[in-house]
Amino acid sequence: MMINPAAHMTPSQSAELLVQALPHMQRYDQEVIVIKYGGNAMGDAATAEDFAEDVVLLEQSGLKPVVCHGGGPQIARMLDKLGIKSEFKQGLRVTDAATVDVVEMVLAGSVNKEIVGYISREGGKAIGLCGKDGNMVVARKASRTIVDPDSKIEQVLDLGFVGEPETVDTTVLDAILKAELIPVLAPVCAAADGQTYNVNADTFAGAIAGALNAKRLLLLTDVPGVLDKDKNLIPELTVEQCRHLIADGTISGGMIPKIETCIYALEKGVEAVVILDGKVPHAVLIELFTDTGSGTIIRK
């Protein structure tokens, strides 16, 4: 859905908008921007088109966008369609052998190529890959522990073929970015022994951003960012403040692993991480090319 500024602005207003964007474009020139495009942030076709427009505009403005995507809702729908029942432990899906096959089919297949298709239709040149390609991300089995509420004893949680990044090799990504192509990456990885693992998309994006020394990691979600106890957006945070908000319960639930990914990426050399609402039209452009920004920016 192309936006026609002339339909809403005078020519001078349109020019002023471009002038305001210029210093931001110069700041990010030739810099890597990793964008995690989540299953819940994908939304409808109009949202996907807006996102694809943003990515193409970034690339044509001299930035180097790298898209890492999830696809939880799409995986759930396919599992239901195939009649594969999922087991959950402490609210986390156990990825058994049948499920990991579906995960690879959906993430590295249909979802990945759908995003590539949207970017292509907006005039970009995207290439879809997963963590397996070129040994880009080698995974290991993820270890999760929980504390039993009754005995207070820590127990190991076996989630099956759920992995976490062990090493990242940027050889393929470096070549793609040098060729001015837009990589679209699915978080399906192999271990050193060849076993396929489903890696959390946030964690995967954080590992990629760290390895590429990205200027920004943008985590597109279905919430405005990090909220305080009154549900107001917190525009800026440091790592120390994040840890304090986790400790006092302000940051809770599914936001905790996202914040942990942010901290990991910052420690690996990413300059700043932003959590923002991917369903806001052109959220990526608002964040990178305007004085206003959107979401919560986290720095060391």
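In the block above lies the structure referred to throughout.
A brief structural summary. Predicted, not measured: the structure shown is a model, and the values here were computed from it. (Residues numbered from 1 in each chain as written. Predicted model: local features only at pLDDT ≥ 70, side-chain atom pairs only at ≥ 80, totals over all residues. Heavy atoms only, no water.)

So, the pattern of salt bridges
Then, number 1: Inspection of every chain in the model, using the stated rule, returns 11 salt bridges.
Then, number 2: A salt bridge links Lys215 to Glu271, with the shortest nitrogen-to-oxygen separation between them at 3.1 Å. In this pair, Lys215 is assigned in the loop between α7 (201–211) and β13 (216–221) and Glu271 in the loop between α9 (255–267) and β15 (272–277), connecting sequence segments 56 residues apart.
Then, number 3: One network of salt bridges, in which partners are shared, links Arg140, Arg144, Glu164 and Glu166. (Salt bridge = Lys/Arg side-chain N within 4 Å of Asp/Glu carboxyl O. Helix = DSSP H or I, 4+ residues; strand = E, 2+ residues; numbered from the N terminus.)

A short note on the pairing of strand β12 (residues 196–199)
Then, number 1: What you see with β12 is no split at all: Thr196 and Asn198 on one side and Tyr197 and Val199 on the other are buried throughout.
Then, number 2: Bridge count for strand β9 (residues 162–168) against β12 is two bridges, and the pairing is parallel. Bridging from a neighbouring strand, Val162 pairs with Asn198 of β12.
Then, number 3: Strand direction decides the pairing type here: strand β11 (residues 188–191) and β12, joined by three bridges, are antiparallel. Within β12, the residue paired with Val188 across the bridge is Asn198.
Then, number 4: Hairpin connection between β11 and β12: a loop of four residues separates the two successive antiparallel strands, and Gly194 in this loop has a positive phi of roughly 95°. (Buried < 20%, exposed > 50% of the residue type's maximum accessible area, 1.4 Å probe, protein only. Pairing = 2+ DSSP bridges.)

Some remarks on unusual backbone geometry
Glycine aside, the phi torsion of most residues is negative, and most peptide linkages are trans.
Then, number 1: With a phi close to 50°, Asn213 is a non-glycine residue in the positive phi region.
Then, number 2: Looking at where Asn213 falls in the secondary structure, it is placed in the loop between α7 and β13.
Then, number 3: Taking the relative accessible area as the measure of exposure, Asn213 reaches 52% and is therefore exposed.
Then, number 4: Phi angles above zero are rare outside glycine, and His282 is one such case at about 60°.

As for the packing of helix α8 (residues 239–247) against α9
The description of two helices packed together rests on the angle between their axes and the distance between the axes.
Then, number 1: Where α8 contacts α9, the axes come no closer than 11 Å and their chain directions differ by 155°. It follows that α8 is roughly antiparallel to α9 by the angle criterion. Every pair of crossing elements has a handedness; the one defined by α8 and α9 is left-handed. Note on element contacts: α9 touches α8 through Ile256, Ile259, Ile263, Leu266 and Glu267, opposite Val239, Cys242, Arg243 and Ile246.
Then, number 2: Of the residues contributing to the contact of α8 with α9, the split by class is seven nonpolar, no polar and two charged. (Axes fitted to C-alpha atoms, helices over the stretch in contact; angles between N-to-C directions. Parallel < 35°, antiparallel > 145°, perpendicular 65-115°, else oblique. Left-handed = near helix turned anticlockwise from the far one by under 90°. Contact = heavy atoms within 4.5 Å. Nonpolar A, V, L, I, M, F, W, Y, C, P; charged D, E, K, R; others polar.)

Points about the sheet that holds β12
Then, number 1: Spatially, β6-β9-β12-β11 is the arrangement adopted by the four strands of the closed barrel, whose pairing is mixed. Neighbour to neighbour, the strand axes of the sheet diverge by 60° on average, direction disregarded.
Then, number 2: On top of the sheet, helix α5 (residues 97–121) reaches β11 and β12; it is set at about 65° to β12, its chief contact.

Here's the deal with the side chain of Glu287
Then, number 1: Of note, Glu287 is situated in helix α10 (residues 283–289).
Then, number 2: Among buried Asp, Glu, Lys and Arg side chains, Glu287 stands out as unpaired, with Arg216 the closest opposite charge at 5.0 Å.
Then, number 3: In this structure Glu287 touches Leu218, Val274, Leu276, Gly293 and Ser294, once residues within four positions along its chain are discounted. (Lys, Arg positive; Asp, Glu negative; His and termini not counted.)

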